[in-house]
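The lines below spell out each chain.
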Amino acid sequence: MTDRQSQKNSGQQAPDLLKVSGLKVHFHNAAPERYAVNGVSFSLKRGETLGIVGESGSGKTVTAMCVSGLMPRGKADEEGSILLDGREMFSCSEENLRRIRGQDVGVVFQDPMTYRKWSGGSGPSRPWDSQA
């Protein structure tokens, strides 16, 4: 029996490992009414897996970057809450984010080379650097 099954049988609710509430992201260089992410909410229990799918430009990568702490600071206004095992990701220091990324959270991008290109190589422009 899994931990979740035993908690269900005992009437306990498993705590959320990840809880995203009302996530909104607006890049500083975008039109005021354009949000890269607008009101995303979801939660995961320990042992669950989440896949994010959607059309191009629907906010999948921006959501994943916020959850994993990879979103560059100062490039966008972020609203809402991202709790990872009870820690608010938006208020973590860079040092804590590096530790969290190394131990607690990871992202598998569809094209892993895209993130490398965003971090300084040639290739597609980063959404926070494009013009509205």
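Please read all numbers here as calculations on a predicted model, not as lab measurements.

Student: With reference to specific residues and values, describe the overall build of the protein chain.
Tutor: Regarding its fold elements, the protein chain presents four helices and four strands. Each helix (α) and strand (β) of the protein chain, taken in turn from the N terminus, gives the series α-β-β-α-β-β-α-α. The buried share of the protein chain, reckoned over its 132 residues, is 26%. Sequence separation of 24 or more characterises 55% of the internal contacts of the protein chain that already satisfy a separation of 6 or more. Within the structure as shown, the protein chain displays about 8,600 Å² of accessible surface, and the carbon and sulfur contribution to it stands at 47%.

Student: Would you mind going over the sheet that holds strand β1 (residues 16–27) in detail, with residue names and values included?
Tutor: Strands sit in the order β2-β1-β3-β4 across an open sheet of four strands; the sheet is antiparallel. Both edges of this open sheet fall to β2 (37–45) and β4 (87–88), since each of them pairs with a single strand only.

Student: Report on the nonpolar core, specifying residues and quantitative values.
Tutor: Ranked by size, the top nonpolar core spans 20 residues in total, and within it Leu-18, Val-25 and Ile-82 carry the most contacts. For this core, the secondary structure elements donating two or more residues are β1, β2, α2 (60–68), β3 (76–84) and α3 (94–103). Broken down by element, this core gets its largest block of residues, five residues, from β1. Non-local contacts of Val-25, meaning those with residues more than four positions away in its chain, are made with Tyr-35, Ala-36, Val-37, Val-62, Cys-66, Met-71, Ala-76, Asp-77 and Glu-78.

Student: Break down α2 for me, with residues and values.
Tutor: The buried fraction of α2 amounts to seven of the nine residues, a majority that puts the element mostly inside the structure. Taken together, the buried positions of α2 are Val-62, Thr-63, Ala-64, Met-65, Cys-66, Val-67 and Ser-68. Looking one or two residues past α2, Gly-69 carries a phi angle of roughly 75°, positive in sign.

Student: Just give me the short version of the confidence of the model for the protein chain, but keep the residues and values in it.
Tutor: Averaged over all residues, the pLDDT of the protein chain equals 81, while 75% of them reach at least 70. Confidence drops under a pLDDT of 50 for residues 120–124, and excluding neighbours within four residues, the segment shows six contacts in the predicted structure.

Student: Go over the packing of aromatic side chains with me, naming the residues and quoting the values.
Tutor: Applying the stated criterion across every chain, the model contains zero aromatic pairs. Sitting over the ring of Tyr-35, Lys-24 keeps its end group 5.7 Å from the ring centre.

Cut-off values and rules
Residues numbered from 1 in each chain as written. Predicted model: local features only at pLDDT ≥ 70, side-chain atom pairs only at ≥ 80, totals over all residues. Heavy atoms only, no water. Helix = DSSP H or I, 4+ residues; strand = E, 2+ residues; numbered from the N terminus. Buried < 20%, exposed > 50% of the residue type's maximum accessible area, 1.4 Å probe, protein only. Contact = heavy atoms within 4.5 Å. Areas by Shrake-Rupley, 256 points an atom, 1.4 Å probe, with all protein chains shown as cover. Pairing = 2+ DSSP bridges. Core = buried A, V, L, I, M, F, W, Y, C linked by side-chain atoms within 4.5 Å. pLDDT = per-residue confidence, 0-100. Phe/Tyr/Trp six-rings, centres within 6.5 Å; stacked < 30°, edge-to-face > 60°. Lys NZ or Arg CZ within 6 Å of the ring centre and 35° of its normal.

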